[in-house]
Amino acid sequence: MLLDSDLVLSALRALTPILLAALGGALCERAGVFNIGLEGMMLMGCFTAVATSWFTGSPWLGVLAAALAAGAYALVLAVGAVTMKGDAVVLGVAMNLLAVGLTGFLLRTVFGVQGTFDDPGLAGLSEVAGFSPLAWLSWAAVALTAVLLSRHAWGLRLRGVGEAPESAATLGVSPTKYKYGAVLASGVLCGLAGAQLSLGNVTLFSENMTAGRGWIAVVAVMLGRALPWGVLLAALLFGLAEAAGFRLQGIGLPQQATDAAPYLATLIALFLTTAKRRRTTGATT
Amino acid sequence: MANTRPLVGRVLRSPVFFSVAAAVAVGALFLVGTGADPVTAYGAVFTGSLGSDGIGSTLTTGTSVLGMALALAIPLRAGLVNLGGDGQLVVGGISAAAVGLYAPLPPALTTLLALLAAMAAGALYAALAAVCDIRFGVPLLVSSLLLSYPASSLASYLVRYPLKEPGSSLPQTRRLPEGVELPAFGASTVTAGLVLVALAAVAYHVVDTRTAVGYEMRMTGLNPRFSAAAGVARGPQTLRLMAVSGAMAGLVGAVGVLSFPFRFLDGALTAPGYTWTGLTAALLAGAAPLGTVLASFFFAALQVGGLAMERTTEVPRELAQVLQAVVIVFLAARLRITWRPGRRRDASAPSGADRGATGRITTEKAEAL
């Protein structure tokens, strides 16, 4: 039996980092800032979480520091894309690269190791009722952002800023403020995602450990049409593909096939949803 | 506006100069932070990359960086971002290895066939991403990137099982037969691959400056609506540019396999990050041909020089990567954007949710160099 409750449980465990990052991406998308720097922000979170947890002995301070550090890192995107009106795609790509270089550099200078920092003394996050506390937080964040975006004035203004910045400005809503808010929030969420990866899923830091999850989160934003519940479904799809991959590995499929599964599943899901969307909107191309 | 301002003033005011200078300054802060002397460290970068000990290494690295930079610059010229370079590179590399090992031909012909096979494989793989974009509406940025991962997995599987060198503990193919390799210059590691990549750069320059195709590319990059209105068919253009881009990436993969260590080793083609360095070089140059060549060798020198800096000052070589990214961060803040709202080929249908997804880049050609 391939699909059972165990599989769903492991999928739920696998999806947390992607869900947190994708929620951040969705907020940015709603505010009209295309954020493909999620991967880099997550990686900054991974490193900060591990470094802080190591030096303070408290994984909780690690989580907090990760959120703050990634939030600060997101300022680069906010200043570059919103204030300077620079290109968000180029900035995002550069930020991802910068994060790889910076965390690699810090790993060498702070811990004096290359590749992986893995120490039995490093404190990881403990689970609450079978899940990482950050997993619980991520589900709460889905509900919260959903309510915020659809019901709350703040969310409505955010959407207004993204869809019609001039009109929003005319109505006295500052697009800059809302865009900054969304980008910084995405940084904080990515920081939490990174902390979950490096202190929750495993307890170590290794170079480039996000391994494309930030990109999957970018895709989850598209797949979920930047709606919190949609993003949750998209992240669940990825989690299921990853969990099913591990399961299939157990019955003898080579690891490489299962490594590729989440990416292919995401791509196929994108095909299907865009094709369906196109049919329903009647857009011909 | 050419020549109305003195040349020096134009250079100093160009975003490229500003970005590079800013990155050098940021790097100096890092160096001081780690207790190193910036002058010594930068001196080591310079002599280590361009001195007699490092120049061969810089040219070898530069071959791959320039190859990937061209692969990404060609679609970028028309505003298309190909993020799947790693996949196309690996697909090319593994094809070259398979042909090199199993083609029953004389060595010289085998080498040629391996190069062609790699280019064909890269082209087909990149075209697949283009088809995802054109036919299924999955943005190129995403389709090309997502396809990169299965390609790496497939290559990894092939070198671990069907193509694995018998008796070896490493995930690698056998060494290519004697004679099936790119000729090297003297005793150096610089191979004919450099010549191939340089020829490609020249070809790109000629196409870009002298032909209608090049004009259409630039026009599309600067103003897609105008070029569409002027009759440039967007779909076929995307497909063609991506195929050329993938062929170029495939060629770099083949050069990697047909040079030292003369085999496909899992991860060896992607680990140095040529794709991303190439992308940054192409972005820095605004995808202009000559600028791409200069930027590629600049970054290659930075990387090779970073190793020398690590030896003399013990500052980690990752600083080179930091500098490279900082250049682009500063540059990106100065680039103009033209998000095209809505679907790629019908510019008139605005749609908020799709806006980010189909984002396109306009390169600031006039000021880039």
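Note that the structure is predicted; figures quoted are calculated from it, not measured.

Procedures and definitions
Residues numbered from 1 in each chain as written. Chains lettered and ligands numbered in written order. Predicted model: local features only at pLDDT ≥ 70, side-chain atom pairs only at ≥ 80, totals over all residues. Heavy atoms only, no water. Helix = DSSP H or I, 4+ residues; strand = E, 2+ residues; numbered from the N terminus. Rg over C-alpha atoms; globule rule 2.2 N^0.38 Å. Buried < 20%, exposed > 50% of the residue type's maximum accessible area, 1.4 Å probe, protein only. Contact = heavy atoms within 4.5 Å. Areas by Shrake-Rupley, 256 points an atom, 1.4 Å probe, with all protein chains shown as cover. Lys, Arg positive; Asp, Glu negative; His and termini not counted. Charge placed at Lys NZ, Arg CZ, Asp CG, Glu CD. Axes fitted to C-alpha atoms, helices over the stretch in contact; angles between N-to-C directions. Left-handed = near helix turned anticlockwise from the far one by under 90°. Nonpolar A, V, L, I, M, F, W, Y, C, P; charged D, E, K, R; others polar. Parallel < 35°, antiparallel > 145°, perpendicular 65-115°, else oblique. Salt bridge = Lys/Arg side-chain N within 4 Å of Asp/Glu carboxyl O. UniProt positions renumbered as here; feature names shortened; annotations may be inferred. Phe/Tyr/Trp six-rings, centres within 6.5 Å; stacked < 30°, edge-to-face > 60°. Lys NZ or Arg CZ within 6 Å of the ring centre and 35° of its normal.

1. Description of the overall build of chain A
Now for step 1: Within chain A one finds eleven helices and two strands.
Now for step 2: When the helices and strands of chain A are listed from N to C terminus, the series reads α-α-α-α-β-α-α-α-α-β-α-α-α.
Now for step 3: Its C-alpha atoms give chain A a radius of gyration of 19 Å, within 12% of the compact-globule value 19 Å for 285 residues.
Now for step 4: Overall, the C-alpha framework of chain A stretches about 55 × 45 × 35 Å when taken along its three principal axes.
Now for step 5: Burial analysis of chain A (285 residues in total) assigns 56% to the buried set.
Now for step 6: When contacts within chain A are restricted to residue pairs at least 6 apart in sequence, long-range pairs at least 24 apart make up 78% of them.
Now for step 7: Of the accessible surface of chain A, which amounts to about 11,100 Å², a share of 66% is contributed by carbon and sulfur atoms.
Now for step 8: Across chain A, 16 positive and 13 negative side-chain charges occur, with their mean positions spaced 14 Å apart.

2. Describing unusual backbone geometry
Now for step 1: In the segment running from B:Phe260 into B:Pro261, the intervening peptide bond is cis, with an omega of 5°.
Now for step 2: As for its position among the elements, B:Pro261 is in the loop between helix H11 (234-258) and helix H12 (274-284).
Now for step 3: One non-glycine residue, A:Lys85, lies in positive phi territory at about 55°.
Now for step 4: Position of A:Lys85 among the secondary structure elements: in the loop between helix H3 (59-83) and helix H4 (88-111).
Now for step 5: Backbone geometry at A:Arg225 places phi at a positive 50°, although glycine is not the residue there.
Now for step 6: For A:Arg225, the location among the structural elements is in the loop between helix H9 (213-223) and helix H10 (228-250).

3. As for the packing of helix H6 (residues 107-136) of chain B against H11(B)
All names here are of chain B.
Now for step 1: In contact at an axis separation of 6 Å, H6 and H11 are set at 145° when each is read in the N-to-C sense. The way H6 lies across H11 gives a crossing that is right-handed.
Now for step 2: Residue classes in the contact of H6 with H11 are distributed as 18 nonpolar, six polar and one charged.

4. Overview of the packing of helix H2 (residues 15-33) of chain B against helix H14 (residues 318-332) of chain B
All names here are of chain B.
Now for step 1: Close contact between H2 and H14 brings their axes to 8 Å; oriented N to C, the two are set at 140°. If you check the angle between H2 and H14, you find them oblique. Judged by the sense of rotation from one axis to the other, the crossing of H2 with H14 is right-handed. Contacts from Pro15, Val16, Phe18, Ser19, Val20, Ala22, Ala23, Val26, Gly27, Phe30 and Leu31 in H2 reach Leu319, Val322, Leu323, Val326, Val327, Phe330 and Leu331 in H14.
Now for step 2: Residue composition of the contact of H2 with H14, by class: 16 nonpolar, two polar and no charged.

5. A closer look at the pattern of salt bridges
Now for step 1: Under the definition given, this model contains eight salt bridges over all chains.
Now for step 2: A salt bridge links B:Glu310 to A:Arg108, with the nearest nitrogen and oxygen atoms 3.0 Å apart. Residue B:Glu310 is found in helix H13 (residues 289-313), and its partner A:Arg108 is found in helix H4; the two belong to separate chains.
Now for step 3: Ionic pairing is found between B:Glu181 and B:Arg175, a salt bridge with its closest N-O pair at 3.4 Å.

6. Here we look at the environment of A:Ala185
Residues and elements named next belong to chain A.
Now for step 1: Relative to the helices and strands, Ala185 is located in helix H8 (residues 175-201).
Now for step 2: Residue classification places Ala185 among the partly exposed residues on the basis of a relative accessible area of 24%.
Now for step 3: Sequence spacing of Ala185 and Leu98 is 87 residues, and the spatial spacing of their C-alpha atoms is 20 Å.

7. Some words on the side chain of A:Asn96
Residues and elements named next belong to chain A.
Now for step 1: Within the secondary structure layout, Asn96 lies in helix H4.
Now for step 2: Given the relative accessible area of 8%, Asn96 is considered buried.
Now for step 3: Once you skip the residues sitting within four places of it in the chain, Asn96 turns out to touch Ile36, Gly37, Leu38, Glu39, Gly40 and Trp215.

8. Things to note about the UniProt feature "transmembrane region" (unreviewed entry) in chain A
Residues and elements named next belong to chain A.
Now for step 1: According to UniProt, the positions carrying the feature "transmembrane region" (unreviewed entry) are residues 6-26, 33-54, 60-82, 89-111, 131-149 and 215-240.
Now for step 2: Summarising residues 131-149: 89% helix, 0% strand, and an end-to-end C-alpha distance of 27 Å.
Now for step 3: Structurally, residues 215-240 comprises 85% helix and 0% strand, and the distance from its first C-alpha atom to its last is 17 Å.

9. So, the environment of A:Leu232
Residues and elements named next belong to chain A.
Now for step 1: Along the chain, Leu232 falls in helix H10.
Now for step 2: Between the C-alpha atom of Leu232 and that of Ser138, which follows or precedes it by 94 residues, the distance is 9.5 Å.
Now for step 3: Residues within four places of Leu232 in sequence aside, it is in contact with Leu19, Trp139 and Val142.

10. Details of the packing of aromatic side chains
Think of a pair of aromatic rings as described by two things: how far the centres are apart, and how the planes are tilted against each other in angle.
Now for step 1: According to the stated counting rule, one finds 17 aromatic pairs over all chains in the structure shown.
Now for step 2: With centroids separated by 6.1 Å and ring planes inclined at 70°, the aromatic side chains of A:Phe47 and A:Phe111 adopt a geometry described as edge-to-face. Residue A:Phe47 is found in helix H2 (residues 38-56), and its partner A:Phe111 is found in helix H4; the two are separated by 64 residues along the sequence.
Now for step 3: Centroid distance B:Phe298 to B:Phe299: 5.4 Å. Interplanar angle 40°. Geometry classified as tilted.
Now for step 4: On the basis of relative accessible area, B:Phe299 is assigned to the buried category, the value being 0%.
Now for step 5: Joined through ring pairs, the aromatic side chains of A:Phe47, A:Trp54, A:Phe55, A:Phe111, A:Phe117 and A:Phe205 make up one cluster.
Now for step 6: Note that A:Arg13 overlies the ring of A:Phe131, its terminal NZ or CZ placed 5.2 Å from the centroid.

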